Amino acid sequence: MKNQKKLPLAAQIFIALILGIASGMLLQGHAAAAESYIKPFGTIFLNLLKFIVVPIVLFSIMDGMFSLKDAGKIGSIGLMTIVYYLFTTALAVTIGMGGGMIFRRFFPVLQTTDLVYEAAAPVSIMDTIVNIFPSNFIAPMSSAAMLQVIFMALLIGMSINILGKDGEPAARAISSFYRVFIKCMELILKLSPVGVFCLICPVVAANGAAVLGSLAMVLLAAYICYAVHIIVVYSFSVKILGGISPAEFFKAELPAMIFAFSSASSVGTLPVNLQSCRKMGAPKEIASFVLPLGATINMDGTAIYQGVCAIFIASCFGIELTLGEMAVIVLTATLASIGTAGVPGAGMVMLAMVLTSVGLPVEGIALVAGVDRIFDMGRTVVNITGDASCVMAVSNLLRKKESKAASDNT
């Protein structure tokens, strides 16, 4: 009995979703009771999730900056890799939001009894830029102003790196706090099945079967966006930057993509992905650096998921997003990908952060959390394919740079 394996958390959440939907259907005539006696426990889970978002982002980004010291030593490889990942992530979340907008008319507007949403006044581009920079150390954390928290983390992390040995005690303390909050988040995420059940049940009780169709539509929207990003963005990248035909790239990458889909683990796919990149002629030293870094900071698939889900949740609650708010989502999801990638439950935490950044109801997470495993299988394929495309692009660009330098010296 001691060797009996526990049911994976993803399976527990999916079962909780099914039970929550079934219970909600049975309680359709008693929606008020579900709101009064079931939803409060879901609200407790949401409160804990909101509590952990800010410290996770703050400490994970700073801790990640300390590990990038080695990337700085290999100069252009590290710079090209990070720029590439940031650029493709920005494209990914934009594609996700575009797909969400196309499918928006198929998403239902749910009945809500306690949601009060007031549309904020339009914010100019310059005001958005100004609002990235905090005027107070505590306020961004207490108000969960995510862009300001990210800027704080980058500024503090960079300052500690510049200090060198004098900054090492602070770096160790931050790394320790990061591990503490990671463990704290793991404990909170164990409550996910209960939270999802208690949040989805009242929604189904009030809205009935409309929720079921909406889940199928949001999954379809996400997978179409996954395919568009892989076929268009990565094909263009490997052809123009990597100097390899897309057909050759995808043929060599197919084993890694299949493994990623079945395992839903970017880290677990690393050995297979490394083998695929070496088969395509990438130098081992570049692939060995770029792929692990990609497993840490590259989240193209998750970025698409954020974009689709943000539009989906806004539509479900009858909220119209402005162009400014969409721009904030793109910027937040892109920058946050560095801090939350590789963290257990990253998709849920990152989605909470993105929703908070534009004032969307975090309660909407309950609508998609139960099928997160299905989302995760697809977004992992996107993530590892993006890692491989970066390896080929960096390898080719570095090869051209070295050839030019050699010809200049002769």
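In case you missed it, the structure is sitting above this.
Residues numbered from 1 in each chain as written. Predicted model: local features only at pLDDT ≥ 70, side-chain atom pairs only at ≥ 80, totals over all residues. Heavy atoms only, no water.

A. Summary view of the nonpolar core. In terms of nonpolar packing, the biggest core is built from 121 residues, with Ile365 and Phe375 touching the most fellow members. At 13 residues, helix α3 (residues 39-67) tops the list of elements feeding residues into this core. Discounting residues that sit within four places of it in the chain, Ile365 has contacts with Leu49, Ile313, Met348, Leu351, Ala352 and Leu355. In terms of nonpolar packing, the next biggest core, distinct from the first, is built from five residues, Ala34, Cys198, Cys201 and Ala205 among them. (Core = buried A, V, L, I, M, F, W, Y, C linked by side-chain atoms within 4.5 Å. Buried < 20%, exposed > 50% of the residue type's maximum accessible area, 1.4 Å probe, protein only. Helix = DSSP H or I, 4+ residues; strand = E, 2+ residues; numbered from the N terminus. Contact = heavy atoms within 4.5 Å.)

B. Summary view of helix α15 (residues 300-316). In this model α15 runs 24 Å from its N-terminal to its C-terminal C-alpha over 17 residues, within 8% of the 24 Å that 1.5 Å per residue would give. The element α15 is extensively covered by neighbouring structure, given that 17 of its 17 residues are classed as buried. Immediately beyond the C-terminal end of α15, within one or two residues, lies Gly318, with a positive phi of roughly 70°. (Expected span 1.5 Å × (residues − 1).)

C. Focus on the pattern of salt bridges. The full count for this structure, using the stated rule, is two salt bridges. Taking the shortest distance from any N to any O, the salt bridge between Glu320 and Arg104 comes out at 3.0 Å. Here the residue Glu320 occupies a position in the loop between α15 and α16 (323-340), and Arg104 occupies one in the loop between α5 (76-103) and α6 (125-130), the gap between them amounting to 216 residues. The class for Glu320 is exposed, based on a relative accessible area of 55%. Residue classification places Arg104 among the partly exposed residues on the basis of a relative accessible area of 28%. (Salt bridge = Lys/Arg side-chain N within 4 Å of Asp/Glu carboxyl O.)

D. The packing of aromatic side chains, seen in detail. If you walk through the whole model with that rule in mind, you get seven aromatic pairs. Taken together, a centroid distance of 5.5 Å and an interplanar angle of 20° make the contact between Phe59 and Phe177 stacked. Within this pair, whereas Phe59 is found in helix α3, its partner Phe177 is found in helix α9 (residues 168-189), the two being separated by 118 residues in sequence. Taken together, the ring pairs in this structure connect Phe59, Phe177 and Phe181 into an aromatic cluster. (Phe/Tyr/Trp six-rings, centres within 6.5 Å; stacked < 30°, edge-to-face > 60°.)

Just distances and angles here, no functional claims.
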